[in-house]
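Residue-level structure breakdown
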2 protein chains.
Amino acid sequence: MKKIKERIYLAGLIIIGNEILSGRTEDKNIAYIANSLSKSGIRLNEVRVIADIEEEIILAINNFRDRFDYVFTTGGIGPTHDDITTQSIAKAFGVENVLNQDAYKILLDYYGDRKKINESRMRMAYAPEGSELIYNNISKAPGFKKENVFILAGVPKIMRSMFDAILPTLKKGRILNSIEINAKVPEGVIAPELTKIQEKYHEIEIGSYPYYENDSAGTILVLRSINKEALKNGEIEVLNLIKRFT
Amino acid sequence: MKKIKERIYLAGLIIIGNEILSGRTEDKNIAYIANSLSKSGIRLNEVRVIADIEEEIILAINNFRDRFDYVFTTGGIGPTHDDITTQSIAKAFGVENVLNQDAYKILLDYYGDRKKINESRMRMAYAPEGSELIYNNISKAPGFKKENVFILAGVPKIMRSMFDAILPTLKKGRILNSIEINAKVPEGVIAPELTKIQEKYHEIEIGSYPYYENDSAGTILVLRSINKEALKNGEIEVLNLIKRFT
C-alpha cells in the first residue's frame, strides 16, 4: 500500500478586543472555535488576543495569513468608532476598504430606506476589496471572507452563526482521534515511564494535565493520533503503567 | 502645575497549552490575569496561546520580553515530557536551564529523600540560569522569574496563587478608571454621535459592545480614562446622547 503523506490544515485565530484584554469580558470564542476545528480535522495552531489598534491588527493578519491555511478574526465589525477590523485588514492586504454591494443590499432590505442607514451603519457594508459575504441568522451585519481570512463578529452568538456557516465549506484533514484517561496518581509518579511510552509512539501525542481534588492529586492523560491502531496500543501501555501505581 | 508624563506599564501573556488549542480545556487564566492587571494599573497588551513547541515558545518569549515590561507565561512547568517551558525559555534567553538550588530544596523538603525524587520530578527544579523562585501554596513545584518573564503554572488554582504572590511586587501606573453604561438602544442608532464624543475626549477610550436580549438589541458603553474629570464629563455627554434615543 502506498503511503500518502497526510495534508494537515492549520488555522490561526485573532481575537480583536480591548474588552478581553481589560478583563471586562471573558472570552467565549476561543473554546468554541478550538473545539469545532479540532472535531473537524483542522488544527488550531495559535491564538492572539490583540487590542483595537490598526497597526497591531495589520501585523497579526499578515503574520497569520502567510503561516496558516485559515485565519479567523473575531470582533470589531460593528458600526461604532472602535470597530476598525475591516479597514485594518484591507490595509494588511494592500487593498481598499470598499462598499460591498451584497452587504449594502442586506442593510437596505433590513432598514427599508437608504435614509435610515446612517453613516455609522453604512460602515458595516464596507469590506476589503474582493471580499465575499458571510451571512448570519442573528443580526443583519455580515462577516466577510477575504482570501484565507474569515472576518467574524465578536458577539459569541453571532460569531457562532457565522462560523457554523463557513466550517462545512473548508477543506479538512483527517480528524485527530483522542482518548482521555483519568489516572488517579500524581503525574510525577508516572512521568518517567510515560516519557518512554511517548518516545516509543511517535504517531501519538500524549498530553499530561494534573488536577487537584479533595487534597489528592491526579492526572488526565490525553492521547491523540490520526492512527487508530497506534492509539489503541498506546492506550494499553498507558493503562498498564497506571495499574502499577494504583 | 507641571504636567508629568504618565508611565504606562505594559504586559503580555503567553498561554502555553495544546489543551487549549485543541479545545479540550477552556482557558480560565486569561480573564483572571487580565482583570487583575487592569485593576492594578498594568495594561495587558497582548495574549498569545501557543502550542507546546520549543521553537514557538522561544519566538513568543523573545518578541514579548522586548515589547513589554512584564511577560507572564502559564503552563508547561510540570514533570512530564510535554512540560518544556523552562528549557525553552532558557534557550530564548541564551542561558542554560540549570538546577535551581532553592527549588531543589523545596522538593527535597517535600519528598524527604533524594531517592524519592525521580528524574521527572527533578525537572521541576530546573530553571533558566539566574531565575528567582515564585512560591505557591497549593503544590510544591514553584514558578520562576527570569528578568521580566514570570513563568507560572497552568492549573488555574496554582497559577492564581503564584500570580497573587508576585502582583504586589510589580511597579504599576495609575489605574484606568472605568464607567459602564447600559444603553438600551442598538449601537447603530447612537454610533454617529458617539464618534463625535470620542473625538472630543482624547483622554477617554470609549468601547461599544452590542448585546441581544429577548429579541431587542442594546449596547454596553465602557468609558475608560486615568483622568476622572474628563471621564465624568464624557459620561454626562453619553448619558444625554442616550436620552435622546430612549
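Everything quoted here is computed from the prediction, not taken from an experiment. (Residues numbered from 1 in each chain as written. Chains lettered and ligands numbered in written order. Predicted model: local features only at pLDDT ≥ 70, side-chain atom pairs only at ≥ 80, totals over all residues. Heavy atoms only, no water.)

Let's talk about the sheet that holds strand E7 (residues 143-146) of chain B
If you walk across this open sheet you meet the 12 strands as E6(A)-E7(A)-E8(A)-E3(A)-E1(A)-E2(A)-E2(B)-E1(B)-E3(B)-E8(B)-E7(B)-E6(B), and the pairing is mixed. A single partner strand is all that each edge strand has here, and the edge strands are strand E6 (132-134) of chain A together with strand E6 (132-134) of chain B. For this sheet the average axis-to-axis angle between neighbouring strands, irrespective of direction, equals 20°. When strand E7 (residues 143-146) of chain A meets strand E8 (residues 149-152) of chain A, the two strands line up antiparallel, connected through 3 bridges. Across the sheet, the residue bridging to Lys-145 of chain A is Phe-150 of chain A, located in E8 of chain A. Against the sheet, helix H3 (residues 54-67) of chain A makes contact with strand E1 (9-16), strand E2 (42-50), strand E3 (70-74) and E8 of chain A together with strand E2 (42-50) of chain B, and its axis sits at roughly 170° relative to E2 of chain A, the strand it touches most. (Pairing = 2+ DSSP bridges. Helix = DSSP H or I, 4+ residues; strand = E, 2+ residues; numbered from the N terminus. Axes fitted to C-alpha atoms, helices over the stretch in contact; angles between N-to-C directions. Contact = heavy atoms within 4.5 Å.)

A closer look at the side chain of Arg-48 of chain A
Mapped onto the elements of the fold, Arg-48 of chain A is located in strand E2. On the basis of relative accessible area, Arg-48 of chain A is assigned to the buried category, the value being 7%. In contact with Arg-48 of chain A, not counting residues within four places along its chain, are Leu-13, Ile-14, Ile-15, Ala-60, Asn-63, Phe-64 and Arg-67 of chain A together with Glu-46, Val-47 and Arg-48 of chain B. (Buried < 20%, exposed > 50% of the residue type's maximum accessible area, 1.4 Å probe, protein only.)

Describing the pairing of E7 of chain A
Residue and element names in this part refer to chain A. As paired elements, E6 and E7 share 3 bridges and run antiparallel to each other. Looking at E7, one finds that Glu-132 is bridged to Lys-145. As consecutive antiparallel partners, E7 and E8 are separated by 2 residues, and within that stretch Glu-147 has a phi angle of approximately 50°, a positive value.

What about the sheet that holds strand E9 (residues 177-183) of chain B?
Residues and elements named next belong to chain B. Taken in spatial order, the 3 strands make up an open sheet running E9-E11-E10, and their pairing is antiparallel. For this open sheet the edge positions go to E9 and strand E10 (205-213), each flanked by a neighbour on one side alone. Across the sheet, the mean angle separating the axes of adjacent strands is 20° when strand polarity is ignored. Inspection of the sheet shows E10 paired to strand E11 (residues 216-225) by 9 bridges, in the antiparallel sense. Residue Tyr-212 lies in a different strand from E11, and its bridge partner there is Ala-217. Contacts from helix H8 (residues 187-200) reach E9, E10 and E11 within the one sheet, and its direction differs from that of E10 by about 170°.

Some details on the nonpolar core
Core analysis: the largest hydrophobic core is formed by 117 residues, its most contacted members being Leu-37, Phe-72 and Leu-152 of chain A together with Leu-37, Phe-72 and Leu-152 of chain B. Setting aside chain neighbours within four positions, we find Leu-37 of chain A in contact with Ala-11, Ile-42, Leu-44, Phe-72, Phe-163 and Leu-167 of chain A. (Core = buried A, V, L, I, M, F, W, Y, C linked by side-chain atoms within 4.5 Å.)

Thoughts on the packing of helix H3 (residues 54-67) of chain B against helix H4 (residues 85-93) of chain B
Residues and elements named next belong to chain B. It is the contact of H3 with H4, at a shortest axis distance of 8 Å, that shows an interaxial angle of 55°. Classified by the angle between their axes, H3 and H4 sit oblique to one another. Taken as a pair, H3 and H4 cross one another with a handedness that is right-handed. Contact residues: Glu-54, Ile-57, Ile-58, Ile-61, Asn-62 and Arg-65 in H3; Thr-85, Gln-87, Ser-88, Ile-89, Lys-91, Ala-92 and Phe-93 in H4. Split into classes, the residues belonging to the contact of H3 with H4 amount to 6 nonpolar, 4 polar and 3 charged. (Parallel < 35°, antiparallel > 145°, perpendicular 65-115°, else oblique. Left-handed = near helix turned anticlockwise from the far one by under 90°. Nonpolar A, V, L, I, M, F, W, Y, C, P; charged D, E, K, R; others polar.)

Details of the domain arrangement of chain A
What the domain assignment reports for chain A is domain 1 (9-169) and domain 2 (177-243). Here domain 1 of chain A and domain 2 of chain A have C-alpha centroids that lie 38 Å from each other. (Domains from an automatic or database assignment.)

Thoughts on H3 of chain A
With 14 residues, H3 of chain A should cover 20 Å at 1.5 Å per step; its first-to-last C-alpha distance of 20 Å lies within 8% of that length. Taken together, the buried positions of H3 of chain A are occupied by Glu-56, Ile-57, Ala-60, Ile-61 and Phe-64 of chain A. Here the buried residues of H3 of chain A occupy an arc of 125° about the axis, which is enough to place them on one side. Turned more than 90 degrees away from the buried face of H3 of chain A sit Glu-55, Leu-59 and Asp-66 of chain A, all of them exposed. Next to the buried residues of H3 of chain A lie E1, E2, E3, helix H4 (85-93) and E8 of chain A together with E2 of chain B. (Expected span 1.5 Å × (residues − 1). Arc of directions from axis to C-beta.)

Quick word on the relation of the copies chain B and chain A
Expressed as a screw operation, the relation of chain B to chain A combines 0.0 Å of axial shift with a rotation of 180°, fitting to an RMSD of 0.0 Å. Taken together, the rotation and translation relating the two chain copies correspond to the operation of a two-fold axis. When C-alpha distances to the rotation axis are compared across chain B, the minimum falls at Arg-48 of chain B, with a value of 2.2 Å. (Least-squares fit on C-alpha atoms with pLDDT ≥ 70 in both.)

Details of the packing of helix H8 (residues 187-200) of chain A against helix H9 (residues 228-243) of chain A
Residue and element names in this part refer to chain A. Close contact between H8 and H9 brings their axes to 11 Å; oriented N to C, the two are set at 165°. When the axes of H8 and H9 are compared, the pair comes out roughly antiparallel. Where H8 crosses over H9, the handedness of that crossing is right-handed. Across the interface between the two elements, Ile-190, Glu-193, Leu-194, Ile-197 and Lys-200 of H8 pack against Glu-237, Val-238 and Leu-241 of H9. For the contact of H8 with H9, the class distribution of residues is 5 nonpolar, no polar and 3 charged.

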